[in-house]
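Tertiary structure, described
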Amino acid sequence: MRSILRFLLILLAIVFLSAFHIGLAFLLPFPWSKINIILTVLIVLMFWWDSGFIIWLSFFSHLIIELYTTAPFGILLTSGTLSILLSFWLYKYLFTNRSWYAAGALGLLTIFIYRAIYIMAILSLKFFGLTQILPWQNIMQTLSWELLFSVPAIALLFFIVSRFSRRLNTSLDHSALFKV
């Protein structure tokens, strides 16, 4: 019974996260609507949970987003899931520091990876003749706005959550290790 309840709560959280991302994209004015809520929340959760489960959350949330996008099916799903997978590897082996600036730097790299995979997927579709136009100006403009708004949002969200969480507060972790 407990595992069924946990599964339903996770499913509800994925649907809520995807709906929040879509809702903010439609409600906020132009530059503010380019914030990537899914990547922002998933990166903070990556630091919180320290688990590969975050990749599955990314997969299913991007699957829901994929149903409402105008891009060819699979581009957002692939780029979102692979970018979280690569950022999880970077988190495990490169960004071992749990600080707001490490979260911001990981967010910056994740958005670059996300857009790089997105561009490669669009180019592969163009190569096979499955798409006609390459919206370079829109992609670069979206990348710029995402970096401008999502990276500070990741750092700020991590900073706020770390002040109220024992799991993310680095001063509490180190003080217990070096106590005499």
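What counts as what
- Residues numbered from 1 in each chain as written.
- Predicted model: local features only at pLDDT ≥ 70, side-chain atom pairs only at ≥ 80, totals over all residues.
- Heavy atoms only, no water.
- Helix = DSSP H or I, 4+ residues; strand = E, 2+ residues; numbered from the N terminus.
- Rg over C-alpha atoms; globule rule 2.2 N^0.38 Å.
- Buried < 20%, exposed > 50% of the residue type's maximum accessible area, 1.4 Å probe, protein only.
- Contact = heavy atoms within 4.5 Å.
- Areas by Shrake-Rupley, 256 points an atom, 1.4 Å probe, with all protein chains shown as cover.
- Lys, Arg positive; Asp, Glu negative; His and termini not counted.
- Charge placed at Lys NZ, Arg CZ, Asp CG, Glu CD.
- Salt bridge = Lys/Arg side-chain N within 4 Å of Asp/Glu carboxyl O.
- Patch = residues over 30% accessible without salt bridge, like charges linked within 9 Å, V, L, I, M, F, W, Y side chains within 5 Å.
- Core = buried A, V, L, I, M, F, W, Y, C linked by side-chain atoms within 4.5 Å.

A few words on the overall build of the chain. Along the chain, the regular secondary structure elements total 7 helices and 0 strands. In the chain, the order of α-helices and β-strands from amino to carboxyl end is α-α-α-α-α-α-α. Whereas a compact globule of 180 residues would reach a radius of gyration of roughly 16 Å, the chain reaches 17 Å, a difference of no more than 12%. Each principal axis of the C-alpha atoms in the chain carries an extent, and together these give about 65 × 40 × 30 Å. Here the chain holds 180 residues, and 41% of them are scored as buried. Taking all contacts inside the chain whose residues are at least 6 apart in sequence as the whole, residues at least 24 apart take part in 66%. Carbon together with sulfur atoms contributes 73% to the accessible area of the chain, which is approximately 11000 Å² in total. Within the chain, the 4 negative side-chain charges are centred at a point lying 6 Å from the centre of the 11 positive side-chain charges.

Think of it this way: side chains of opposite charge can pair up when their charged atoms draw near. Counted according to the given criterion, the structure contains 2 salt bridges. In this structure, Lys92 engages Asp50 in a salt bridge whose closest nitrogen and oxygen atoms are separated by 3.1 Å. In this pair, Lys92 is assigned in helix H4 (residues 75-93) and Asp50 in the loop between helix H2 (37-49) and helix H3 (53-66), connecting sequence segments 42 residues apart. Given a relative accessible area of 35%, Lys92 falls into the partly exposed group. The class of Asp50 is partly exposed, set by a relative accessible area of 33%. Arg115 serves as the salt-bridge partner of Glu146, at 3.0 Å between the closest nitrogen and oxygen. On the criterion of sequence distance, the pair formed by Glu146 in helix H6 (residues 136-164) and Arg115 in helix H5 (residues 100-127) is long-range, its members being 31 residues apart.

On to a nonpolar patch on the surface. Where nonpolar side chains cluster on the molecular surface, the patch consists of Trp100, Tyr101, Leu156, Phe159, Ile160 and Phe164 and spans about 700 Å² of accessible area. When residues of the nonpolar patch are traced back to their parent elements, those giving at least two are H5 and H6. The element contributing the most residues to the nonpolar patch is H6, with 4 residues. Turning to its location among the elements, Leu156 is positioned in helix H6.

This brings us to the nonpolar core. By size, the foremost hydrophobic cluster in this structure holds 41 residues, and its most contacted members are Leu42, Met46, Phe47, Ile54, Ile84, Leu106 and Tyr118. For this core, the elements supplying multiple residues, two or more each, are helix H1 (2-27), H2, H3, H4, H5 and H6. Of the residues forming this core, the biggest block, 10 residues, is contributed by H5.

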